[in-house]
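Coordinate analysis (summary)
Here are the chains, one letter per residue:
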Amino acid sequence: METYLVGGAVRDALMGLPVKDRDWVVVGSTPQAMLDQGFVPVGRDFPVFLHPHSKEEYALARTERKTAPGYRGFAIHAAPEVSLEDDLGRRDLTINAMAIAARHAPALVAHDNGPGAHLIDPYGGRSDLAHKRLRHVTLAFREDPVRILRTARFAARFADFTVAPETLRLMQDMVASGEVDHLVPERVWQELATGLMEAQPERMFAVLRACGALAVLLPELDRLWGVTQRADYHPEIDTGSHVMLVLQRAAVKRAPLPVVFACLTHDLGKGETPTHLLPRHLGHEGRSAHLTKALCQRLRVPLDCRELADVVAREHGNIHQSMALGAAAVVRLLERCDAFRKPQRFAEILLACECDAQGRKGLQDTAYPQAQRLLCALSLAQAVDTETVARTALSAGATGPRIGVAIHAARVAAVAQNLA
């Protein structure tokens, strides 16, 4: 039995990056032999075990055979005769298909000095690292459509890497053959969410567009390219380009995932603007909210992301124009954003809107005073003693909704008195 450190840990060590998660492959063993040594089985579909002490994952070397469309349509073969090279050959990209024997791994991790002469690299991963190239290992790549998403995600993580032309052609063939149609929503969201939090998330969508997968997975987003906007508001003109610039701003600000996702979806409605109305997009906010809701249901997007994206889609235009709003309109805006119950989420809504305002060609450093003004208004309105207002209204005979009207009026008065 031989054990090897594989995948991302080896890649990151070669790149001089911190080695975080470590994955191991065991060659020449069986499930029973792993159990006899105290390993704990965790893989439902694959022979994967947790080490009894380190709790790191150890997988038996395996090969895969395509049996049906989609990423679940595989027959797994794990047996002592499966070699390390066989196992590495089923992986997605050459930069993830390198290994080092366990006996050399401590030096790799402890000193972060790279595997050196001990590197096992049957598919040229080290050369592709040197040439900053994302290249598939073998034609087995085409059997798993998730690899399209993973390749796009690595393009977002490693901003100076490019997808090898032959790999891009293979991805295009996979899209054309319908493989992407069989991806399950949860896995699509998992890969998209990870890619959205990378250093340059817009590069993920560039790769997905280039291979045709974006039109299948996110048609609402794909149709934004080629849709014009008013040049006086959007010097970049193209709506798809604008959304990518907004993502760039979110990445620079290290925004949390709900904010980044809201940045991605805030202008989806512009893709449904009738051609004869272009470059104006009246009412696109409502259309964006409708499309975002459908997208979130389709991909089973988590609640925090879908709720923030909904509010940003509906209200970003009003928030942009809020410098001209009086106290009553500002309080109504705060209420629609549920800012009194969820002030932290409201701050995230404003951050998404700031990214939107700055995600325009040449305007990335423009100040966004709307955020500070609305936060100030919220603070003033929050200072109102709502219990006292409610008791006063009750003593005057008010009930139910009329009490809410009294609280609203008190908040408007507080904002009007102090808001610049």
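Residues numbered from 1 in each chain as written. Predicted model: local features only at pLDDT ≥ 70, side-chain atom pairs only at ≥ 80, totals over all residues. Heavy atoms only, no water.

This brings us to the sheet that holds strand 5 (residues 57–60). Pairing is mixed in the open sheet, where six strands are placed in the order 3-4-5-2-1-8. The sheet terminates laterally at strand 3 (40–41) and strand 8 (99–101), the two strands that pair on one side only. Alignment of strand 3 against strand 4 (residues 48–50), held across two bridges, turns out to be antiparallel. Directly across from Val40, in strand 4, lies its bridge partner Leu50. (Pairing = 2+ DSSP bridges. Helix = DSSP H or I, 4+ residues; strand = E, 2+ residues; numbered from the N terminus.)

Attention shifts here to the environment of Ala262. If you trace the backbone, Ala262 turns up in helix 13 (residues 257–265). On the basis of relative accessible area, Ala262 is assigned to the buried category, the value being 0%. Not counting chain neighbours up to four residues away, the residues in contact with Ala262 comprise Leu308, Ala309, Val312 and Ala352. (Buried < 20%, exposed > 50% of the residue type's maximum accessible area, 1.4 Å probe, protein only. Contact = heavy atoms within 4.5 Å.)

Attention now moves to the environment of Gln200. Mapped onto the elements of the fold, Gln200 is located in the loop between helix 8 (185–196) and helix 9 (201–211). You can call Gln200 partly exposed: its relative accessible area is 30%. A sequence separation of 43 residues divides Gln200 from Arg157, and the C-alpha atoms of the two residues are 6.6 Å apart. When neighbours within four sequence positions are excluded, Gln200 is seen to be in contact with Ala156 and Ala159.

Attention now moves to the confidence of the model for the protein chain. The share of residues in the protein chain with pLDDT of 70 or more is 94%, and the mean pLDDT across the chain is 92. Segment residues 109–113 is flagged for pLDDT under 50; beyond a separation of four residues in sequence, or across chains, it makes nine contacts in the model. (pLDDT = per-residue confidence, 0-100.)

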